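# Residue-level structural notes
Listed here are the chains, written in short residue letters.
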Amino acid sequence: MKYKIPRGTQDILPEQSKKWQYIEKKAHDLCKRYNYQEIRTPVFEQTELFARGVGDTTDIVQKEMYTFEDRGGRSLTLRPEGTASAVRSFVENKMHGWANQPVKLYYIGPMFRYERPQSGRMRQFVQLGVEAMGSDDPAIDAEVIGLAMDFYRELGLTNLKLVINSLGDKESRTNHRNALIEHFKPRITEFCSDCQARLEKNPLRILDCKVDRDHELMESAPSILDYLNDDSKAYFAKVQKFLHDMNIAFEVDATLVRGLDYYNNTAFEIMIDGEGFGAITTLTGGGRYNGLVEEIGGPTTPGIGFALSLERLLMALETQGVVLPIEQGLDAYLVTMGDEAKNAAPKLLHKLRGEGLTVDGDYMDKKMKGQMKTADRQNADFVLILGEEELSKNSVMIKTMETGHQELVPMDEVVDRIKK
RNA sequence: GCGGUUGUGGCGAAGUGGUUAACGCACCGGAUUGUGAUUCCGGCACUCGUGGGUUCAAUUCCCAUCAGCCGCCCCA
């Protein structure tokens with residue numbers, strides 16, 4: 001084969017795209033109920049936006065971006081995530097001046113990261129992202145988390161685990177980070193090579209290392225929760241109270257770290273339990289990013305949001321055997337015999353479709369038997385048989401496929417007959 | 001960026017250094033000249049991911065490369 005799909009991408013074929021349409025519609029409906037409005041931004045942005053927004057020490061920026069130069073010499077990047085774009089648009093369109101605050105936005109669209117593909121990780125993948133900017137009320141943290149949980153719940157997913165943590169403000173984070181380095185550094189050689197690399201890069205990650213989980217220094221390591229200042233502590237307590245009030249189960253994990261630089265205070269992940277799901281169990285990641293709008297050039301504005309992958313959602317639905325209520329099949333299939341009937345087909349099909357019916361007919365010049373077989377395969381409720389006999393009586397033979405019963409119906413009663 | 005594993009028709013899957021590359025499913029045609037099941041009969045791979053090498057001869061051996069899958073890192 002001469003041409004192949006690019007690595008880490010996929011064609012979503014009709015059988016799958018039905019599911020996509022279903023979950024996308026669910027997302028739109030749910031966001032509407034929560035009063036979040038859709039925003040559509042370009043799939044590429046100035047490279048600098050991501051370097052600045054996502055953080056130039058992150059893996060995403062350092063080694064995963066699709067960056068290219070356009071003919072005008074501008075450095076552009078296919079978006080690796082959606083928050084930076086949403087914030088850019090917030091600032092550029094001066095949304096901080098909008099009458100309704102906070103500004104509550106969502107988007108669904110493809111993101112791009114240059115990584116080695118594996119289960120649940122593609123180079124092009126689709127995220128549903130939700131962002132609320134302008135409020136630092138802990139109630140909106142709970143709202144955003146609740147939206148994500150509702151989305152999964154309404155689609156029928158079970159065995160979900162909500163994990164939350166507080167990363168504190170910038171000062172708390174720096175202090176904690178230094179404490180961690182001090183804690184591990186003297187004996188870092190006792191740890192795996194990954195952890196040794198993590199020490200300077202991201203010491204927090206040492207805490208959830210699978211290799212060294214039983215090392216005695218793990219238990220005694222300083223917890224971020226002990227480094228929160230009073231405001232951060234009170235804020236985190238409020239978020240937990242609201243989640244509790246909303247009857248949303250969660251657990252606090254002081255080792256939960258998010259990989260993007262912009263997070264502070266509330267951080268959360270929604271994970272899935274269960275066999276056969278592969279190594280990647282995080283379905284949703286999100287958190288608060290109070291410094292980001294300012295970083296991008298806007299006024300000081302708090303924000304919180306999350307992103308979830310639709311591919312991973314579909315995988316989860318698949319492994320849990322959730323069947324989505326997707327309609328399929330035709331209302332009717334038109335079978336014709338003879339040239340005269342064949343010539344009358346377009347007019348009849350067009351009329352039926354104009355009445356809102358899902359119908360199809362033969363374009364492969366098949367014999368009657370073949371046409372019947374096609375109708376059966378396509379799950380048609382009715383077969384409309386049109387031959388010389390029917391034409392001469394200005395009628396159509398309507399066969400109910402399930403029962404096999406059939407009767408001759410005058411042409412102008414066909415629509416009513418099928419609709420009921 | 002690193003590691004493991006796989007690559008034969010639309011799909012699944014055998015196979016061998018040398019004559020027509022099994023079989024199953026699907027599909028197409030016929031038996032049934034106006035009817036979807038089943039059954040029976042027939043059809044359906046100038047070719048074994050791609051490129052190169054070894055050989056009289058390669059789908060089979062060697063090398064490279066690309067891709068899929070799984071994992072590490074990281075992330076949604």
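Scope of this entry: the structure provided in the associated data block. Values in this document were obtained by computation on a predicted structure and should not be read as measured data.

### Quick notes on the sheet that holds strand β6 (residues 124-133)
The strand order β1-β5-β6-β11-β10-β9-β7-β8 describes an open sheet built from eight strands, whose pairing is mixed. Each edge of the open sheet is held by one strand with a lone partner, namely β1 (37-38) and β8 (251-252). Sheet topology places strand β10 (residues 282-288) next to strand β11 (residues 303-309); five bridges connect them, and they run antiparallel. By the bridge assignment, Gly285 is partnered in β11 with Ala307. In the packing of helix α1 (residues 14-33) onto the sheet, the strands contacted are β1, β5 (103-112) and β6, and the crossing angle to β5 comes to about 160°. Contacting β5, β6, β7 (160-166), β9 (264-272), β10 and β11, helix α5 (residues 138-155) crosses the sheet at an angle of about 15° to β11.

### Section: unusual backbone geometry
Of the consecutive residues Gln101 and Pro102, the connecting peptide bond is found in the cis state with omega at -5°. Along the chain, Pro102 falls in the loop between α4 (83-92) and β5. For Asn394, which is not glycine, the phi torsion reads 50° and is therefore positive. Among the secondary structure elements, Asn394 is positioned in the loop between α14 (388-392) and β15 (395-400).

### Looking at a negative patch on the surface
Together, Asp339, Glu340, Glu388 and Glu389 make up a negatively charged patch on the protein surface. When contributions to the negative patch are tallied by element, the ones reaching two or more residues are α12 (338-354) and α14. Residue position: Asp339 is located in helix α12.

### Topic: the nonpolar core
With 44 residues, the main nonpolar core has Tyr36, Phe151, Leu162, Leu310 and Leu313 as its most contacted residues. Of all the elements in the fold, those that place two or more residues in this core are α1, β6, α5, β7, α9 (230-245), β9, β11 and α11 (310-319). Among the elements that take part in this core, α5 stands out by supplying 10 residues, more than any other. Residues contacting Phe151, with those up to four places away along its chain left out, are Ile23, Lys26, Ala27, Leu30, Leu128, Leu308, Leu310 and Leu313. Counting 33 residues, the second largest nonpolar core, distinct from the first, contains Phe50, Ala51, Ala84 and Phe90.

### Topic: the sheet that holds strand β16 (residues 406-410)
Overall, mixed pairing links the five strands, which are arranged β13-β12-β14-β15-β16 in an open sheet. In this open sheet, the two edge strands, each paired with only one partner strand, are β13 (359-361) and β16. Strand-to-strand twist in this sheet, taken as the mean axis angle between neighbours without regard to direction, amounts to 25°. Pairing analysis gives five bridges linking β15 to β16, with the strands arranged antiparallel.

### Let's talk about the pattern of salt bridges
Taken as a whole, this structure holds 21 salt bridges when the rule is applied. As a salt-bridge pair, Arg88 and Glu92 come within 3.0 Å of each other at their nearest N and O atoms. Placement of the pair is Arg88 and Glu92 together in helix α4, with a separation of four residues, close to one helical turn. Classification of Arg88 as buried rests on a relative accessible area of 19%. Look at Glu92 and you get exposed, because its relative accessible area is 52%.

### What about the packing of α5 against α9?
Two elements in contact, α5 and α9, have axes separated by 8 Å at closest approach and are oriented at 45°. Our classification of the angle between α5 and α9 gives oblique. Note that α5 runs across α9; the crossing there is right-handed. Mapping the contact onto sequence places Pro138, Ala139, Asp141, Ala142 and Ile145 in α5 and Tyr235, Lys238, Val239, Phe242 and Leu243 in α9. Across the contact of α5 with α9, the residue classes tally to eight nonpolar, no polar and two charged.

Conventions we followed
- Residues numbered from 1 in each chain as written.
- Chains lettered and ligands numbered in written order.
- Predicted model: local features only at pLDDT ≥ 70, side-chain atom pairs only at ≥ 80, totals over all residues.
- Heavy atoms only, no water.
- Pairing = 2+ DSSP bridges.
- Helix = DSSP H or I, 4+ residues; strand = E, 2+ residues; numbered from the N terminus.
- Contact = heavy atoms within 4.5 Å.
- Axes fitted to C-alpha atoms, helices over the stretch in contact; angles between N-to-C directions.
- Patch = residues over 30% accessible without salt bridge, like charges linked within 9 Å, V, L, I, M, F, W, Y side chains within 5 Å.
- Areas by Shrake-Rupley, 256 points an atom, 1.4 Å probe, with all protein chains shown as cover.
- Salt bridge = Lys/Arg side-chain N within 4 Å of Asp/Glu carboxyl O.
- Lys, Arg positive; Asp, Glu negative; His and termini not counted.
- Charge placed at Lys NZ, Arg CZ, Asp CG, Glu CD.
- Core = buried A, V, L, I, M, F, W, Y, C linked by side-chain atoms within 4.5 Å.
- Buried < 20%, exposed > 50% of the residue type's maximum accessible area, 1.4 Å probe, protein only.
- Parallel < 35°, antiparallel > 145°, perpendicular 65-115°, else oblique.
- Left-handed = near helix turned anticlockwise from the far one by under 90°.
- Nonpolar A, V, L, I, M, F, W, Y, C, P; charged D, E, K, R; others polar.

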